[in-house]
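Take a look at the letters that make up each chain.
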Amino acid sequence: MGNHEVFGNRKAHMVFPELVPQRELERRPFANFFTWRSNRKEHSQEGGVAYPQPATDPDLATLTTTLSVQNMHEFGNLFVTYLKARREVFITQKGWELPETDGMEFDQYDTPMARWIVIHRHGEVLAGVRIAPTTARCGNHSYMLRDAQLGLIPQLPSDALYEEAPVSKYIWEATRLFVSDAVPAKGRPAVQTALMKGMASAARSVGATQVIGIVPAVFKRWLKRIGMKANAVGPIMKIDGDRVQAALMDVVEYAS
């Protein structure tokens, strides 16, 4: 795929503020929806963490929850709601051809080895991301970037990385990162910051020092604003209309 136009003219539904079409942000306006900042006290739970997000209005408070197979029963139907939110973003809005059932999107990487970081409020999922170890093995699959490099995912470019995909217990992969279009433009930066901080904390909790994943090509400028360091580990590509790039993010020095 010389030009990496892997998803044709499918509808682009971006994650980062400078890439989101204004008409999408205005579909569901919420005045003063997010007034809190990202400072918070961390509450640990076995197999995952949940972070209360303070707000000037208690009704606007959100949570960042890390789900695992071992702890998801403690959070009611949050995992199901999260998978339904993924379907809305990646299948309904983006038009990707992915496995689905009962209104939920899932794939071969949703295994007990994974962790799912969810930003939610009053039962509504606002954002999410999945992380999984680069040492993962499940049948013929390992992790997404490595499988793409090996030619196991025809929809993704095999040359997204400059070098051979890493396999290390200290590196986890981030995939399925999204922010719901229910989050207005004013609140998106705060939600994105909470999501990245939750991802970093979840990765550190399982012993990872770095997270690898496909991010917008402007990632250095955006991540710098939230204090996270990252290096490009692949060329700039165009996927689903977005200019993206593989990056390796440092989660050790990034204190939440």
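Residues numbered from 1 in each chain as written. Predicted model: local features only at pLDDT ≥ 70, side-chain atom pairs only at ≥ 80, totals over all residues. Heavy atoms only, no water.

(A) Quick look at helix 2 (residues 78-93). Relative to the 22 Å expected for 16 residues at 1.5 Å per residue, helix 2 spans 21 Å between its end C-alpha atoms, a close match to the ideal helical length. The largest bend in helix 2 comes to about 25°, at arginine 87. The set of residues buried in helix 2 consists of Leu78, Phe79, Tyr82, Leu83, Ala85, Arg86, Val89, Phe90, Ile91 and Gln93. Where helix 2 is buried, its residues meet strand 3 (62-67), strand 4 (100-101), strand 5 (104-105), strand 6 (115-121), strand 7 (124-133) and strand 8 (171-179). (Helix = DSSP H or I, 4+ residues; strand = E, 2+ residues; numbered from the N terminus. Expected span 1.5 Å × (residues − 1). Bend = angle between axes of the 7 residues up to and from the residue. Buried < 20%, exposed > 50% of the residue type's maximum accessible area, 1.4 Å probe, protein only. Contact = heavy atoms within 4.5 Å.)

(B) How the structure looks around the pattern of salt bridges. Applying the stated criterion across every chain yields a total of seven salt bridges. Put simply, arginine 86 and aspartate 110 hold a salt bridge, and the shortest N to O gap is 2.8 Å. In this pair, arginine 86 sits in helix 2 while aspartate 110 sits in the loop between strand 5 and strand 6, placing the two residues 24 residues apart along the sequence. A salt bridge links arginine 130 to aspartate 107; the shortest N-O distance between them is 2.7 Å. One end of the pair, arginine 130, is in strand 7; the other, aspartate 107, is in the loop between strand 5 and strand 6, with 23 residues separating them in the sequence. What makes arginine 130 buried here is its relative accessible area of 0%. Exposure remark for aspartate 107: the relative accessible area of 9% places this residue in the buried category. (Salt bridge = Lys/Arg side-chain N within 4 Å of Asp/Glu carboxyl O.)

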